[in-house]
Amino acid sequence: GLEVGQPAELQWKMQLASPFGWRHCHLEALRPDETGTSAWATVIFKHFSPRSRWYRLHVHVGQRVVKRCDFGGFTGGLRRVNEMEE
């Protein structure tokens, strides 16, 4: 259900033992990996300036594994946001 250009939400948390929260973003690019079971996603956070280091993030999603985030903290899944939630 993920589509490039559409709104999405990324699971993110600051500390490994903390619960995840959903962070609103937009899907800029999606590239399936070789296995077809996961993908590299590029998401943008439009509430930050395009010059901000927090504007664009590349994440590996789809493996149901908590991963370290380049922004700090940890990421989980990525989900589509439907029109009712937008």
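See the structure shown above.
What you are looking at is a predicted structure, and each value in this text was computed from that prediction instead of being measured. Starting afresh in each chain, residues are numbered from 1 along the sequence in its written order. Under the rules for a predicted model, residues below a pLDDT of 70 receive no local features and side-chain atom pairs below 80 are neither given nor counted, while totals for whole chains, interfaces and linings still include all residues. Side-chain figures throughout are based on the complete set of non-hydrogen atoms in the structure, without hydrogens or water.

1. Some details on the pattern of salt bridges
Throughout this description, the term salt bridge denotes a Lys or Arg side-chain nitrogen within 4 Å of a carboxyl oxygen of Asp or Glu. The final tally for this structure, using the stated rule, is two salt bridges. Between Glu9 and Arg79 there is a salt bridge whose closest N-O contact spans 2.8 Å. With Glu9 in strand 1 (residues 7-13) and Arg79 in strand 6 (residues 74-80), this residue pair connects regions lying 70 residues apart in the sequence. Accessibility here uses a 1.4 Å probe with only protein chains present; expressed as a share of the type maximum, an area under 20% marks a residue as buried, one over 50% as exposed, and anything in between as partly exposed. What makes Arg79 partly exposed here is its relative accessible area of 28%. Runs of H or I in DSSP of at least four residues are treated as helices and runs of E of at least two as strands, each being numbered from the N terminus.

2. Remarks on the nonpolar core
Soluble globular proteins tend to pack their nonpolar side chains together in the buried interior. With 13 residues, the main nonpolar core has Leu10, Cys25, Val43, Phe45, Leu57 and Leu78 as its most contacted residues. Breaking this core down by element, the ones donating at least two residues are strand 1, strand 2 (21-32), strand 3 (39-44) and strand 4 (56-61). The element contributing the most residues to this core is strand 4, with three residues. We call two residues in contact whenever any of their non-hydrogen atoms come within 4.5 Å of each other. With residues up to four places along the chain from it excluded, the contact list for Leu57 reads Leu10, Ala41, Thr42, Val43, Phe45, Cys69, Asp70 and Phe71. Put simply, buried Ala, Val, Leu, Ile, Met, Phe, Trp, Tyr and Cys residues joined by side-chain atoms within 4.5 Å make one nonpolar core.

3. Some points on the sheet that holds strand 3
What the six strands build is an open sheet, ordered 4-3-2-1-6-5; its pairing is antiparallel. Here the strands that pair on one side only, and so sit at the sheet edges, are strand 4 and strand 5 (67-68). Two strands are counted as paired when DSSP detects at least two bridges linking them. With six bridges joining them, strand 3 and strand 4 adopt antiparallel strand pairing. Pairing of Ala41 across the sheet is with Val59, part of strand 4.

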